[in-house]
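Residue-level structural notes
Chain by chain, the residues run as shown.
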Amino acid sequence: MADKMLPMREALRMALREEMLRDERVFVMGEEVGAWQGTHRVTRGLMDEFGARRVRDTPISEMVIAGAAVGAAMAGLRPVAEMMTINFAFLAVDAIVNHAAKIHYMFNGQFRVPLVIRAASGWGDQATATHSHAPEPIFAHFPGLYVGCPATPRDAKGMLKAAIRDDNPVLFTESIALYGKPGPVPEDEDFVLPIGRSDVKREGRHVTIVTYARGVEWSLAAADQLAKEGIECEVIDLRWLRPLDMTLVYESFKKTNRCVVVEESLPRFSFGSEIAALIQDEMFDYMDAPVKRVSAMDVPLPYAREIELMALPNAQKVVDAVKEVL
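Being a predicted model, the structure only gives us computed values, none of them experimental.

1. Here's the deal with the overall build of the chain
Secondary structure summary: the chain contains twelve helices and 14 strands in total. Taking the principal axes of its C-alpha atoms as reference, the chain extends roughly 55 × 45 × 45 Å. Counting every position in the chain, which comprises 326 residues, the buried fraction comes to 53%. Sequence separation of 24 or more characterises 81% of the internal contacts of the chain that already satisfy a separation of 6 or more. Surface accessibility of the chain: about 14,000 Å² in total, with carbon and sulfur atoms responsible for 53%. Considering the chain, the positive charge centre built from 37 side chains and the negative charge centre built from 46 side chains are found 2 Å apart.

2. Details of the packing of aromatic side chains
All told, the structure shown has three aromatic pairs when counted by the stated rule. Between phenylalanine 90 and phenylalanine 139 the ring centres are 6.5 Å apart and the planes differ by 15°, which places this aromatic pair in the stacked class. Residue phenylalanine 90 is located in the loop between strand 4 (78-83) and helix 4 (93-100), and its partner phenylalanine 139 is located in helix 6 (residues 136-140); the two are separated by 49 residues in the primary sequence.

3. Brief notes about the sheet that holds strand 14 (residues 292-294)
Strand pairs in the sheet, formed through backbone hydrogen bonds, run parallel or antiparallel to each other. Spatially, the five strands line up as an open sheet ordered 9-11-10-13-14, and their pairing is mixed. In this open sheet, the two edge strands, each paired with only one partner strand, are strand 9 (199-202) and strand 14. If you compare each strand with its neighbour and ignore which way they point, the axes differ by 25° on average. Contacts between helix 12 (residues 315-325) and the sheet are confined to strand 10 (207-211), strand 11 (233-237), strand 13 (259-262) and strand 14, with strand 14 contributing the most and set at about 175° to the helix.

4. Digging into the nonpolar core
Core analysis: the biggest nonpolar cluster contains 47 residues, and Ile96, Phe139 and Ile279 have the highest contact counts within it. Sorting elements by how many residues they give to this core places helix 3 (residues 62-74) first, with six residues. When residues of this core are assigned to domains, at least three map to each of domain 1 (3-186) and domain 2 (199-325). Not counting residues within four places of it along the chain, the set of residues in contact with phenylalanine 139 comprises Ile86, Ala89, Val93, Ile96, Val97, Leu145, Val147 and Leu171. In terms of nonpolar packing, the next biggest core, distinct from the first, is built from 27 residues, Val80, Val170, Leu178 and Tyr179 among them.

Analysis parameters
Residues numbered from 1 in each chain as written. Predicted model: local features only at pLDDT ≥ 70, side-chain atom pairs only at ≥ 80, totals over all residues. Heavy atoms only, no water. Helix = DSSP H or I, 4+ residues; strand = E, 2+ residues; numbered from the N terminus. Buried < 20%, exposed > 50% of the residue type's maximum accessible area, 1.4 Å probe, protein only. Contact = heavy atoms within 4.5 Å. Areas by Shrake-Rupley, 256 points an atom, 1.4 Å probe, with all protein chains shown as cover. Lys, Arg positive; Asp, Glu negative; His and termini not counted. Charge placed at Lys NZ, Arg CZ, Asp CG, Glu CD. Phe/Tyr/Trp six-rings, centres within 6.5 Å; stacked < 30°, edge-to-face > 60°. Pairing = 2+ DSSP bridges. Axes fitted to C-alpha atoms, helices over the stretch in contact; angles between N-to-C directions. Core = buried A, V, L, I, M, F, W, Y, C linked by side-chain atoms within 4.5 Å. Domains from an automatic or database assignment.

By themselves, these figures tell us nothing about what the structure is for.
In structure tokens form, the structure reads like this:
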């Protein structure tokens, strides 16, 4: 089948619909996912097609959403629970971290929790400090919980379908800034991308840029700009923070000997820190310069638009980091 140009929200909707048609145990739940068609319009039309039994509007309580989803998954269903934004997932941390991530281990494999929690993530658009988090690294800290972060509509479809089919709990984050960005999406209903597999988004030979989610957009824009100056960057999209696939990162670093890590999250105790530590530990003999990191500034995000943009990563900051490691 040919690819179809779709924004990420439609690619996600396609994945949800295909998996609901394929497996009657799959159902969607969350605030405003049904009658309101979804806050970010990802679930648009699903209630009309599948009914209120499989597209369930919930109370405004993230702990209830996550807790009920964990119980449903343990009972044999495959819930896809939507958090309106990942900022509200902090209210459900106990259900996500202490239950979903640990039940299979603590019950010696007697229970599985085939659960997907979808959450819109990211900074910006003057949503202010309490509604502008990108805390994927926090959740990736905990064993037992997979964390997926797609950067393109194609990846969003293939990764979400894999997450729904998997028997492990998955936190699936979707960058708010990418919902409307179009890209080619396979119409094949069997198109699934394996969990825990990174991807080369652009080949190069001078510097390795390691990134995920919205960072891929900034990194590719920076790579295009640097190519005009004769600097060829290789852009590696991790796609999954857990399981973490460093194979392509190491292969690329052996070739370039330099690395810049780009993420939308905050700089302290970050995923960039983890990538830098792993490269230093595993690739020290190939290292020609310290690993540089590009992230949001270490501040609560300001409301004023100009200051907000100043605090966020962008393509120019990636360009500057690449030139510094060179």
